Amino acid sequence: MITAKDRRLNIHYSGIQGSYWILAAVYFVFLTPILQDKGFGNYQIGILLAIRSLATMISQLTLSAIADKFAGKIPLKYILSMVICGGILGTTVFLCLAEGFFATCILFVWLGATVFCIAPLMDSLAMEFIDRGRRLNYTACRSIGSVTWAFACIILGWLMQRGGGDSLLIVEIAFLALLFLGVFTMETIMRFENDEESIRKTQEKFPDNKSHSILYLLRTYPNYTLFIVAFFLCYMSSTICNNFQIDVITSLGGDNTWLGYAEFILAISEVPVILFYNPLKKKVGLSWILVMVMFFCTMKVFFQSFAPNLTCHLIAQIFEMLGFGMSYSASLQFVMATVPMADAVKGQGMITVAGTGLGSCVASYLGGILYDTFNLNVMLAVGVIIGIFSVAVMAIAVWYPWKLKKAGTEKYITISSE
């Protein structure tokens, strides 16, 4: 039975997740409309989003290294609090900044290194409590975030249409401040303690006590490498189309309010995954689920991009349920099934670096060029084609019986029976 202390922890962490996904909706959904409202063109927006993604990738790797190095000295919540404070400062400058491309480029480096690095640190904070034996229900807490994201998108879409981009930046600052209070007042916990019990548990978890580099993992485990490539392509496909989703909606006769409706349906579609994911995995296996994730992400991009009317555009968001909605749990399980236990955290982190970092960076730059050089439909078609490649690469990653040669032995690497 859950203790009162753990119950308070779950309520507190649910509030943190709820606050974060409201402010995340501003920058993940309405960043392009905000930039358009400030007078930037499509090519400039593509460059700005690419800069932000690149800064996020570099900063996330740096912050992870710092958190690991000082794990026994500085609680993670204080590192996360400092990152949030940086986000408040950056968003305040963004609110006050008039149109100026070079200055905005510098600002987006700062925003990419702060606001867009909050989510992985929040997840790591939850894992620290779970690793120390606390009964924190991460899935349920994360679902609160999906619900708040959904309703926030409707309100933010209405606000964007009537108050402009600056009104959304004010909301961003307010919820960043609320998130800071939530994180800073959270129960303090250290990842490692210098006692015999903690040392014993660490040795049991990593019996060979040997960690490897990212290059070693990519070179030694070809199915994992292709898995990372598939996620890179998938995020490229989605980002190319999502960055200019407002333009698709406008071409169909909608506005920012309709963008809010679309994101509401998308977020709500993720919630039922909590109920059917495990039964579906037992029935079809992890390999099929991973291929389904790539397939339905591509289907969402296709039907969202080429919908004949606004109603069909909204219906296309339901594909999120079997796309990214299932990817969070499936990707974690794949990493645990393919890479050494001592490299599990590093292996999971590469998904974020390859997807939201490098994939979004390349897609943002490429999308802006394609849009300005050709037109919206050409850009969207390229996104769909990249998505088709992601399905093919993931199928090879999970079904081809790769051989792993190590210490004079051969081992077939496959998860088709998982």
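Below is a summary of the structure that appears in this document. Throughout this document, residue positions are counted from 1 along each chain, in the order its sequence is written. Reporting in this predicted model follows two pLDDT cut-offs: at least 70 for local features of residues, and 80 or more for side-chain atom pairs to be given and counted; totals over whole chains, interfaces and linings ignore these cut-offs and use all residues. To obtain the side-chain values, all non-hydrogen atoms of the structure were used and water was disregarded.

### Considering the environment of Pro 272
Working step 1: Secondary structure counts use DSSP, requiring at least four H or I residues in a row for a helix and at least two E residues in a row for a strand, with both numbered from the N terminus. Turning to its location among the elements, Pro 272 is positioned in the loop between α13 (256-270) and α14 (273-284).
Working step 2: Along the chain, Pro 272 and Gly 325 lie 53 residues apart, while their C-alpha atoms are 8.9 Å from each other.

### Focus on the packing of α14 against helix α15 (residues 286-305)
Working step 1: The N-to-C vectors of α14 and α15 enclose an angle of 115 degrees; their axes lie 7 Å apart at closest approach. Along its contact with α14, which presents Tyr 277, Leu 280, Lys 281 and Val 284, the element α15 presents Leu 286, Trp 288, Ile 289 and Met 292.
Working step 2: Note on residue categories: nonpolar means Ala, Val, Leu, Ile, Met, Phe, Trp, Tyr, Cys or Pro, charged means Asp, Glu, Lys or Arg, and polar means any other residue, Gly included. Tallied by class, residues from the contact of α14 with α15 come to seven nonpolar, no polar and one charged. Only the stretch in contact is used when a helix axis is fitted, and all axes are lines through C-alpha atoms; the angle between N-to-C directions ranges over 0 to 180 degrees. The criterion used for residue contact is that any of the two residues' heavy atoms lie within 4.5 Å.

### What about helix α7 (residues 138-163)?
Working step 1: Taking 1.5 Å per residue, 26 residues should reach 38 Å; α7 reaches 35 Å between its end C-alpha atoms and fits that length.
Working step 2: Type-normalised accessible area, obtained with a 1.4 Å probe on protein chains alone, sets the label of each residue: buried when under 20%, exposed when over 50%, and partly exposed for intermediate values. Taken together, the buried positions of α7 are occupied by Cys 141, Arg 142, Ser 143, Gly 145, Ser 146, Trp 149, Ala 150, Ala 152, Cys 153, Leu 156, Gly 157 and Met 160.
Working step 3: Those residues of α7 that are buried are in contact with α1 (4-29), α2 (31-37), α8 (165-184), α13, α14 and α17 (324-338). For a helix, the expected span equals 1.5 Å multiplied by the number of residues minus one.

### Some words on the nonpolar core
Working step 1: Counting 116 residues, the largest nonpolar core has Tyr 20, Tyr 27, Phe 94, Ile 118, Tyr 224, Phe 227 and Met 394 as its most contacted members.
Working step 2: In this view, Phe 94 contacts Tyr 27, Leu 31, Ile 34, Leu 35, Lys 38, Leu 107, Phe 108, Leu 111 and Leu 169; residues no more than four positions away in its chain are not counted. In this text, buried Ala, Val, Leu, Ile, Met, Phe, Trp, Tyr and Cys residues form a nonpolar core when linked through side-chain atoms within 4.5 Å.

### A closer look at the environment of Met 236
Working step 1: One can find Met 236 in helix α11 (residues 222-242).
Working step 2: Residues Met 236 and Gly 387, 151 residues apart in the sequence, show an inter-C-alpha distance of 7.8 Å.
Working step 3: Not counting the four nearest positions on each side in its chain, Met 236 is found in contact with Gly 359, Val 362, Ala 363, Leu 366 and Ile 386.

### What about the environment of Lys 281?
Working step 1: Within the secondary structure, Lys 281 sits in helix α14.
Working step 2: On a C-alpha basis, the gap between Lys 281 and Ala 330 in space is 8.9 Å, while along the polypeptide they are 49 residues apart.
Working step 3: Discounting chain neighbours no more than four positions away, the residues touching Lys 281 are Leu 286, Ile 289 and Gln 333.

### Regarding the packing of aromatic side chains
In this description, a pair of aromatic rings is defined by centroid distance and the angle of the planes.
Working step 1: Stacked, tilted and edge-to-face pairs are distinguished by plane angle, under 30 degrees for stacked and over 60 for edge-to-face with tilted covering the rest, among Phe, Tyr and Trp rings (Trp via its six-membered ring) whose centres lie within 6.5 Å. Evaluation of the coordinates by the stated rule reveals 22 aromatic pairs.
Working step 2: Between the aromatic rings of Tyr 20 and Trp 21, the centroid separation amounts to 4.9 Å while the plane-to-plane angle is 80 degrees, which identifies the pairing as edge-to-face.
Working step 3: Their ring planes at 70 degrees and their centres at 5.2 Å tell us that Phe 28 and Phe 116 sit as a pair that is edge-to-face. Residue Phe 28 is found in helix α1, and its partner Phe 116 is found in the loop between α5 (101-113) and α6 (118-131); the two are separated by 88 residues along the sequence.
Working step 4: Each residue in the set Tyr 224, Phe 227, Phe 231, Tyr 235, Phe 324 and Phe 334 is aromatic and connected to the rest through ring pairs, giving one cluster.
Working step 5: Above the ring of Phe 184, the side-chain terminus of Lys 77 is found at 6.0 Å from the ring centroid. Only lysine NZ and arginine CZ atoms are considered, and such an atom sits over a ring when it is within 6 Å of the ring centre and within 35 degrees of the ring normal.

### Quick word on a nonpolar patch on the surface
Working step 1: Grouping into patches uses exposed residues only, defined as over 30% relative accessible area, and leaves out salt-bridged ones; the cut-off is 9 Å for like charges and 5 Å for nonpolar side chains (Val, Leu, Ile, Met, Phe, Trp, Tyr). Note that accessible areas follow from Shrake-Rupley with a 1.4 Å probe, and for residues the cover is restricted to the protein chains shown. What makes a salt bridge here is a side-chain nitrogen of Lys or Arg within 4 Å of a carboxyl oxygen of Asp or Glu, nothing more. Together, Ile 74, Tyr 78 and Phe 184 make up a nonpolar patch on the protein surface, roughly 250 Å² of accessible area in all.
Working step 2: For Tyr 78, a relative accessible area of 32% corresponds to the partly exposed category.

### So, the pattern of salt bridges
Working step 1: One pass over the structure, following the stated rule, counts four salt bridges.
Working step 2: Of the charged contacts in the structure, one is a salt bridge between Asp 6 and Arg 134, with a shortest N-O distance of 2.5 Å. Taken as a pair, Asp 6 in helix α1 and Arg 134 in the loop between α6 and α7 lie far apart in primary sequence, 128 residues in all. Of the two residues, Asp 6 and Arg 134, both sit in the buried class.
Working step 3: Taken together, the shared-partner salt bridges connect Lys 5, Asp 6, Arg 134 and Glu 187 into one network.

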